[in-house]
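A structural walkthrough
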Amino acid sequence: MKSFLKIFFISIGSLLILVLVALSVCAATVFSGKNIAPLLARQLNKQEIFGFQLDSAALVLWDTFPELSLHLVNLKITDNLSQSMVFSAGDVFAAVDLKAFLSSSNGELIVRKVSLDDVYADAGSIMLCIDRMNTGSDTPGTDGNAELALPFAIMTASDVSVKDADILYRSEDGLDAAIRKLSLTANLNASGQEAEGGFSADIHGFTFSINDTSYCRDLPLHAEMIFKSDLGSKALNIVESAFGFDSFRFSLTGDISMAEGGCISMNLNTKLKEWKVKELLALVPEVYRERIAGMSAEGNLSLDANAGGRLGNGYVPVITGKMLLEGSSFRSPSVPVDIGGCGLNMSFHADFNENGKTCLHVDTLYVSSGPNRLFASGSADDVFGKLEFDFDVGSCAELAGIIPYLPDSLGIRGNGRVELEAALRGNLAGIIEKGIRGGLDASGTASLSGIDMEYCDTVSFRADAMTVDIGMDSLALVIADAGLKAGNLVDANFSRMGLGLSLSVPDSAKTLFPASGTMALWSPRLSAELENGMIKSFFLPESLNISALDFSYADDTLALSKGGFAMGKSDFILSGTVTDISKAISGQGLVNADMDFDSEYSDIDELLSFFSGMGRDGDTSDDASAGDTATDEDIEGNPFMVPEGIRININTDIKKAVAYGNTIENIGGRVNINDGTAIIRQLGFTSDAARMQLTAMYKSPRKNHLFVGLDFHLMDIEIDKLIRMVPKIDSLVPMLKSFSGQAEFHLGLETNLNSRYELKKSTILGAASIEGKNLVVLDSDTFDKIAKMLKFRKSSKNIIDSLAVDMTVFRDEIDVYPFVVSMDNYKAILSGRHNLDMSFNYHVDCLSPIRLGLDVKGTLGNLKFGLTPTRYKNLFVPERRNDLQERTMNLMNLINSSLKSTVVETSE
Amino acid sequence: MKKTVLIALASFLVICITSCIKDGEQSFDEGLLYGKWQSGTLHYRYDTDHTGVTWDLADDVMENEGKKFSWSLINEEFTHIYVTEINAYGTKASIPKVYTVIVLTATRLEYEDDFGKTFSFTKVK
């Protein structure tokens, strides 16, 4: 038994020794750095997807114990299907701490070093191969929700490096990416579900294209990161990182983790500082280069942003941040303005989730171009929703710097400086829903100085200073020391002009410019002032000086509170109101004006010569009812046509005036223009010759059929001055020029005129009355002849006690109704007819010293006398009148009373 | 006897009628005046309401632009009263023209004024 046990234990012992020796020999072979490449390749090639080739492989334990290292040389992996190389590495080295792993109770693996040199990887092919591998195996597929777990409870990788790695990726849908010369160093310390580490990578060249369109070519990239990760919760904490491409760097810190529902939860911060805009432009892909051809830009861009929230399942992170653009300039052929300076300091909040809002806040925005500056600050809320905005904008500019950017076709040139401050508040939703009035509140002030502008070399405007205050419903304009010149149309200067405009637009106004009823809808209120103005124009024979002008417009009423004018030798002040303007514009009524015309001195002759012919150009055509008999000569005339569609009342108060060489004073009355009819109503005045009262009417129904009517009264007039003032009266009453003294003259006369203001004799109609007392008959040949014929006493005064003549004018007939003349021993009643051709047919009833009738016919140069029975001897003896005398007296009363009834008694 | 009474009545009527007419005056039927009358280019129109219009085509004046007047015909006294259009304080100047009718038939009108000037018109159809 003992020998059996002995033999048994010896055998077992020998066997163990043999096994130990064999293991020792084997371990010595494997872990002593001997080439195990064939062995390793044979094992690796047992799968069918990849083909592995190795020049050498060495597993070293003894020399480096306790580290176990693996060293591969010229590792090549090919796709067995395509026989193309998918991965190669010139040198692969990995070392782990075997002692620590073996002695660890929890499987701690410490990777002392991993390095790969001279690497080539075809990532796309590798992924395809992996897909084939996963598809062909029975291993359950790994989905995104599969819990990740390292094969080791704790792993530390302190020195991981990759050098000179070239990685390609090419997808079937045309996406190509290539990484050239990737150098990577990394370390990792994992314990259970937690890991931390870092890496630093440099790529010498990154190339990216889609469908052969290159978006990035050989771009240097850099990335480095220190991170922590919890594999259990699938969370990554980026403690510190820096990324860069070309010369641009940015940092990224924060947390990323898997959230419920497959979403990614993140809170990432990124910063970039002073990126050169010019260099960024150089990175624009070639495919877009054409769009920015000729464009140049300078400046530094800095950004500090945060992305927080969930990504996935309809959620996107909220992005907030600040952006700073400094020292920028911009120039592009497609932009007419060279931006010499530009800066932006803004913050933003972008939330694209449901009920999220995107907001902007601009601390500072400035743009400059030459001498022109633009400043802005403000905020915009709910940018992709209601777009509520609140901005303050400022600008200062030289007109000479702005005008070159306007189209040459405008023909504007000029100099001056403009400073603008404006505030814009509102919301886009309100504008869309309620119109600009409902959604926008804008106001601003523009200050202009040294303005000197020209338009098309014909219109020029200059102003030393101009201020414009603009609001949504108001505008105020003040101009100082300005001038406007437009050829010979107008040349105006003034020392100050103020203009104020306010509107009250109801919320119901959907648009800024409603199609109709604009004025009524806006309820505009306008006020204007002008001081020390002067206007010259080709249609003004003299310059019009405006000492002061002050008017306002409100509630469809224009109120001229003061308008002081001077023209030629005349001065006048206009004031009053103009109403129903909007009605007239809409064709629903007439403009009504009620004005006061006050003047210290008016030269009527001069004013009439000024305005003679005004309004004749572009006049209305003749009425359709015009007769066929209108001659060419008639058509030649172009008379003044009274405006239609307007009703004007002018109350005159002229202290002193000159008319037809006569000085007249205290002219008071009304002038009316009423829809095509002009009326001078009850114009009373006094002169050194008489008290006068005039009512006149002028109508222009058609060019060749004008109407003039007069109701003219002269009281206490000197007859010689009456003839001077009304020369035609000499034709009507030729005997008047034989008298001297005071008389009353009453005239009602009307006639139509042709287009050249010539009388239409068939339309002359009128009545006149002359009354005089103690008239002196001037010596004349006719008087001498009559005196000699009637044997007047030479010593007697040629005085007529009284004279009362009534006459009518009808066509070319002037009928002088019987009137009594008393002189010397004679008393006679005269009557007759006087024709416009200066022929006459008079009848004289001599009452004393003898009773006889005398007919005087012919012309002044060819008088014919004839005795006839008396006709009116009892005309002024009512109880003895015959039928003819009674009828004649009735007609005289009718004429006289109708004429005098229009005289206004003046209180003196 | 009956014949004597009729003669007496007729004589009485003649006496009554002639006593209403002044010596040397004629009476005319104003109904003959109604309508338009023409003398060269000069026109008159007499309306039944005793208004009328006169116009002269030689002056390029149409009928609707003519001078309006009122008229009366009492026996042979033919009166036209024109009123100026201008209206100051509601009163207008009146211009009377009195003529003596010489002939008035359905087609011819002739009258003269106190100065012996005669006017002849023919009826416009």
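Residues numbered from 1 in each chain as written. Chains lettered and ligands numbered in written order. Predicted model: local features only at pLDDT ≥ 70, side-chain atom pairs only at ≥ 80, totals over all residues.

**A short note on the overall build of chain B**
Definition in use: Runs of H or I in DSSP of at least four residues are treated as helices and runs of E of at least two as strands, each being numbered from the N terminus. Here exposure depends only on C-beta density: within 10 Å of a residue's C-beta, 20 or more other C-beta atoms make it buried, 12 or fewer make it exposed, and intermediate numbers make it partly exposed, the C-beta atoms being placed from the backbone. This entry defines residue contacts through backbone-placed C-beta atoms, with two residues in contact when those atoms are within 7 Å.
Looking only at helices and strands, chain B has one helix and eight strands in total. Seen in sequence order, chain B has helices and strands lined up from the N terminus as α-β-β-β-β-β-β-β-β. Taken across its 125 residues, chain B has 25% of its residues classed as buried. Partitioning the intrachain contacts of chain B with sequence separation of at least 6 by distance along the chain shows that 29% fall at a separation of at least 24.

**A short note on the overall build of chain A**
Assigned secondary structure in chain A consists of 17 helices and 43 strands. Here chain A holds 908 residues, and the buried ones make up 21% of them. A separation of at least 24 residues holds for 49% of the contacts in chain A among residues at least 6 apart in sequence.

**Observations concerning unusual backbone geometry**
All names here are of chain A. For the peptide bond that leads from Ser848 to Pro849, omega is 5°, which places it in the cis range. Inspection of the secondary structure assignment puts Pro849 in the loop between strand S41 (840–848) and strand S42 (852–859). Phi at Asn313 takes a positive value of approximately 55°, unusual for a residue other than glycine. In this fold, Asn313 is placed in the loop between strand S14 (296–311) and strand S15 (318–331).

**A short note on helix H17 (residues 883–900) of chain A**
The condition is simple: Here a helix's expected span is defined as the number of its residues, less one, multiplied by 1.5 Å.
Between its first and last C-alpha, H17(A) extends 26 Å over 18 residues, near the 26 Å set by a 1.5 Å rise per residue. Within H17(A), the full set of buried residues consists of Thr888(A), Leu891(A), Met892(A), Ile895(A), Asn896(A), Ser898(A) and Leu899(A).

**Considerations on the nonpolar core**
Our working rule: By convention the nonpolar core is taken to be a set of buried residues drawn from Ala, Val, Leu, Ile, Met, Phe, Trp, Tyr and Cys and joined through C-beta atoms within 7 Å.
Phe745(A), Ala767(A), Leu803(A), Met807(A), Phe819(A), Val821(A) and Ile829(A) are the most contacted members of the largest nonpolar core, which has 55 residues in total. The residues touching Phe819(A), leaving out its near neighbours within four places in the chain, are Leu803(A), Ala804(A), Val805(A), Ile829(A) and Leu830(A).

**With respect to the pairing of strand S18 (residues 372–381) of chain A**
All names here are of chain A. The cut-off we apply is this: Two strands are counted as paired when DSSP detects at least two bridges linking them.
Pairing of strand S17 (residues 359–369) with S18 involves eight bridges; the strand directions are antiparallel. By the bridge assignment for S18, Tyr366 is matched with Phe375. As consecutive antiparallel partners, S17 and S18 are separated by two residues, and within that stretch Gly370 has a phi angle of approximately 60°, a positive value. Two strands pair when backbone bridges link them, and S18 and strand S19 (residues 388–398) are joined in this way by nine bridges, in the antiparallel orientation. Each bridged residue has a counterpart across the sheet, and for Ala380 the counterpart in S19 is Phe389. Remark: six residues form the turn of the hairpin made by S18 and S19, two consecutive strands paired antiparallel; Asp382 in that turn has positive phi of roughly 55°.

**Focus: the pairing of strand S34 (residues 705–718) of chain A**
All names here are of chain A. Of all 14 residues that make up S34, ten are buried, and the element is covered over most of its length. Inspection of the sheet shows strand S33 (residues 691–702) paired to S34 by ten bridges, in the antiparallel sense. Paired with Lys699 across the strands is Phe707, a residue of S34. Linking S33 back to S34 in an antiparallel pair, the connection comprises two residues. Across eleven bridges, the pairing between S34 and strand S36 (residues 742–753) is antiparallel. Residue pairing across strands places Gly709 opposite Glu750, the latter belonging to S36.

**With respect to the interface of chain B and chain A**
This is how the line gets drawn: The nonpolar class holds Ala, Val, Leu, Ile, Met, Phe, Trp, Tyr, Cys and Pro. Asp, Glu, Lys and Arg form the charged class, and all remaining residues, Gly among them, are polar.
Listed per partner, the contact involves 25 residues of chain B and 36 residues of chain A. A per-element tally of the side of chain B that touches chain A places strand S6 (residues 94–104) of chain B first, with five residues. Grouping the amino acids of the side of chain B that touches chain A by side-chain chemistry returns 13 nonpolar, four polar and eight charged.

**Let's talk about the environment of Ala554(A)**
Residue and element names in this part refer to chain A. Here Ala554 is to be found in strand S26 (residues 540–554). Judged by local crowding, Ala554 falls into the partly exposed class, with 14 C-beta atoms found within 10 Å. Sequence separation between Ala554 and Ser523 is 31 residues; the distance between their C-alpha atoms is 7.1 Å.

**Details of the sheet that holds strand S1 (residues 35–39) of chain B**
Residues and elements named next belong to chain B. Keep this limit in mind: Lines fitted to C-alpha atoms define the axes here, with helix axes fitted over just the stretch in contact, and angles between the N-to-C directions of these axes take values from 0 to 180 degrees.
Strand order in this closed barrel of eight strands is S1-S2-S3-S4-S5-S6-S7-S8, and the pairing throughout is antiparallel. Ignoring strand direction, the axes of neighbouring strands in this sheet form an average angle of 35°. As defined by bridge partners, strand S7 (residues 108–113) adjoins strand S8 (residues 118–124) across five bridges and the pair is classed as antiparallel. Among the inter-strand pairings, Tyr111 is bridged to a residue of S8, identified as Phe119.

**Some points on the confidence of the model for chain B**
Residues and elements named next belong to chain B. How we decide: A score from 0 to 100, pLDDT tells how confident the predictor is in each residue.
Mean pLDDT for chain B: 82, with 76% of residues reaching 70 or above. Under a pLDDT of 50 for its full length, residues 5–22 has, in the predicted model, two contacts with residues more than four places off or in other chains. This complex was scored by the predictor with a pTM of 0.56 and an ipTM of 0.83.

**Observations regarding the environment of Val383(A)**
Residue and element names in this part refer to chain A. Position of Val383 relative to the elements: it lies in the loop between S18 and S19. Using a count of 17 C-beta atoms within 10 Å as the deciding quantity, one classes Val383 as partly exposed. Each C-alpha atom, one on Val383 and one on His349, is 9.9 Å from the other, the two residues being 34 residues apart in sequence. Dropping the residues within four chain positions of it, Val383 is found in contact with Thr358, Cys359 and Leu360.

**Some thoughts on the confidence of the model for chain A**
All names here are of chain A. Scored by pLDDT, chain A has a mean of 80; 83% of the residues are at 70 or more. Ignoring residues within four places in sequence, the model shows residues 138–148, a span with pLDDT below 50, making two contacts including any to other chains. Here residues 613–634 scores under 50 on pLDDT; set against residues more than four positions off or in separate chains, the count is 31 contacts.

**Quick notes on the environment of Phe640(A)**
Residue and element names in this part refer to chain A. The residue Phe640 is located in the loop between helix H13 (632–636) and strand S30 (646–659) in this model. Its 18 C-beta neighbours within 10 Å are what place Phe640 among the partly exposed residues. In this structure the C-alpha to C-alpha distance between Phe640 and Ser755, which are 115 residues apart in sequence, comes to 8.9 Å.

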